[in-house]
Amino acid sequence: MAEPGPAAPPAPPAPPHPAPPLPVPPHRGDALLTRLGVTGVLARDTLLAGVVVVLMLGLFALAFSDATLTAELGVPDRGALVAVVCVQAALLALRRSRPVLCLALVLACQLVVVAMLPAAATVRGLPPMIAAYTVGTLLPARRALVVTGAAAAVEVVVSLLLAA
């Protein structure tokens, strides 16, 4: 009679809860954009930039609708501030084709916004977050950490220098 061989290793345990299904399968949004003629990285990033510009305009329309709050903050030139923030959002069109350049230009616009506002007010919008996130997803981890860390450090240092 032959002896039985070593026992097979136990199967890995099943996850406690399966991941919930996505509300919209990812390929449906892609197919919709393709049907609308928005194909390619630049076209889709430009569409995102346009959506973010509209969102930022809506945010400023709400923020500047209260004249007393605007007067208390002492924003010197609202039109220039809105223009800089819209340019900042429009730069997101470069986010996947030139991610580091996109982050650098968005950061430059953010520094202009910080310089335009009084020390008590800050504006943090979507463009810096989207640009930094894109750098984090497209670049190798070490380089992404260095680039985004440097961008954050520059903004903090400039903000502190302007507040002093």
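These numbers were taken from a predicted model, which means no experiment stands behind them.

Trainee: For this particular structure, what's the right way to read the pattern of salt bridges?
Mentor: Any two side chains of opposite charge can pair if their charged atoms end up close together. Evaluated as defined, the whole model comprises three salt bridges. Residue D45 pairs with R95 through a salt bridge whose shortest N-O separation is 3.1 Å. Of the two residues, D45 sits in helix α2 (residues 41-63) while R95 sits in the loop between α4 (78-90) and α5 (99-116), which places them 50 residues apart along the sequence. Taking relative accessible area as the criterion, D45 reaches 1% and is therefore assigned buried. D45 is the partner of R96 in a salt bridge, and the nearest nitrogen-oxygen pair spans 2.9 Å. Note that R96 is positioned in the loop between α4 and α5 and D45 in helix α2, a separation of 51 residues in sequence. Classification of R96 by relative accessible area gives partly exposed; the value is 35%.

Trainee: When you look at a nonpolar patch on the surface in this model, what are you seeing that I'm missing?
Mentor: Residues L47, V51, L55, L126 and M129 make up a contiguous nonpolar surface patch of roughly 430 Å² in combined accessible area. Within the residue set of the nonpolar patch, elements represented by two or more residues are α2 and α6 (126-138). If one sorts the elements of the nonpolar patch by residue count, α2 sits on top with three residues. Structurally, L55 can be placed in helix α2.

Trainee: Looking at this model, I keep getting lost on the nonpolar core. Mind explaining?
Mentor: Burial of nonpolar side chains together is a common tendency in soluble globular proteins. Core analysis: the biggest nonpolar cluster contains 33 residues, and F60, L81, L92, V113 and L117 have the highest contact counts within it. Elements with a contribution of two residues or more to this core: α2, α4, α5, α6 and α7 (141-163). Of the residues forming this core, the biggest block, seven residues, is contributed by α5. For V113, the contacting residues outside a window of four places in its chain are L81, V84, V85 and V123.

Trainee: Looking at this structure, I do not really get the packing of α2 against α6. What am I missing?
Mentor: Axis separation between α2 and α6 bottoms out at 10 Å; the angle between their running directions is 150°. As judged from the angle between their axes, α2 and α6 are roughly antiparallel. In this structure, α2 contributes L48, V52, L55 and M56 to the contact, and α6 contributes L126, P127 and I130. Split into classes, the residues belonging to the contact of α2 with α6 amount to seven nonpolar, no polar and no charged.

The rules we used
Residues numbered from 1 in each chain as written. Predicted model: local features only at pLDDT ≥ 70, side-chain atom pairs only at ≥ 80, totals over all residues. Heavy atoms only, no water. Salt bridge = Lys/Arg side-chain N within 4 Å of Asp/Glu carboxyl O. Helix = DSSP H or I, 4+ residues; strand = E, 2+ residues; numbered from the N terminus. Buried < 20%, exposed > 50% of the residue type's maximum accessible area, 1.4 Å probe, protein only. Patch = residues over 30% accessible without salt bridge, like charges linked within 9 Å, V, L, I, M, F, W, Y side chains within 5 Å. Areas by Shrake-Rupley, 256 points an atom, 1.4 Å probe, with all protein chains shown as cover. Core = buried A, V, L, I, M, F, W, Y, C linked by side-chain atoms within 4.5 Å. Contact = heavy atoms within 4.5 Å. Axes fitted to C-alpha atoms, helices over the stretch in contact; angles between N-to-C directions. Parallel < 35°, antiparallel > 145°, perpendicular 65-115°, else oblique. Nonpolar A, V, L, I, M, F, W, Y, C, P; charged D, E, K, R; others polar.

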